Amino acid sequence: MEYHISRKITGSFNEALDKTKAALAKEGFGVISEIDLKGKFKEKLGVDFREYRILGACNPTLAHQAIEQEDKIGVLLPCNVLVQEHEGGQVEVTAINPMETMSAIGNANLETIANEVSQKLRAVIDQL
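In this text the structure is predicted, and so the values were computed from the model without any measurement.

Enquirer: Give me the lowdown on the nonpolar core, citing residues and values where you can.
Expert: Core analysis: the biggest nonpolar cluster contains 28 residues, and Leu 24, Val 81, Val 83, Val 93, Val 117 and Leu 121 have the highest contact counts within it. Of all the elements in the fold, those that place two or more residues in this core are strand S1 (4–9), helix H1 (13–26), strand S3 (52–58), helix H3 (60–69), strand S4 (79–85), strand S5 (91–96) and helix H5 (111–127). The element contributing the most residues to this core is H5, with 6 residues.

Enquirer: I'd love a proper account of empty space enclosed by the protein, names of residues and values included.
Expert: The full count for this structure, using the stated rule, is 2 cavities of 30 Å³ or more. Taken together, 13 residues line the largest cavity, and the ones lying closest to its centre are Leu 62, Ala 63, Leu 77, Cys 79 and Val 117. The set of elements that each furnish at least two residues to the lining of the largest cavity consists of S3, H3 and H5. The element best represented in the lining of the largest cavity is H3, accounting for 3 residues.

Enquirer: Requested: an account of the pattern of salt bridges, with residues and values cited.
Expert: On inspection of all chains with the given rule, the structure shows 9 salt bridges. The partner of Arg 53 in a salt bridge is Glu 51, with the nearest N and O atoms 3.7 Å apart. Both residues of the pair, Arg 53 and Glu 51, belong to the buried class.

Conventions we followed
- Residues numbered from 1 in each chain as written.
- Predicted model: local features only at pLDDT ≥ 70, side-chain atom pairs only at ≥ 80, totals over all residues.
- Heavy atoms only, no water.
- Core = buried A, V, L, I, M, F, W, Y, C linked by side-chain atoms within 4.5 Å.
- Buried < 20%, exposed > 50% of the residue type's maximum accessible area, 1.4 Å probe, protein only.
- Helix = DSSP H or I, 4+ residues; strand = E, 2+ residues; numbered from the N terminus.
- 1 Å grid on protein atoms, 1.4 Å probe; cavity = no way out; pocket = protein on both sides within 12 Å on 5 of 7 lines; lining within 4 Å.
- Points joined across faces, edges and corners; volume = space filled by probe spheres on them.
- Salt bridge = Lys/Arg side-chain N within 4 Å of Asp/Glu carboxyl O.

What follows is the structure, given as structure tokens:
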């Protein structure tokens, strides 16, 4: 099993970003952080970089359930979703696969929650 769920899509970077945010909302996720690495690399390093945006997505209900089962699970939250532009303008959207990351914790009570989050993130990617 892979640690991520990915899909290359057609359209511009900004269109992909908007579609991704809309698909996340449809599956009950809010975007609670957005990191623009292109901008940060330019600002901090003077480096020109491709479009590369990390969205911190959170489904409050599922996050609460996970924290109730494992108080340190917050180190793996929020669920990161990456929108990046490749050479030639192709855009790829990638979500973390919580089934892989949460399996390392060894708490069987998280399996059902991780499975639900994984299904929702896969649905996000499938909608694009």
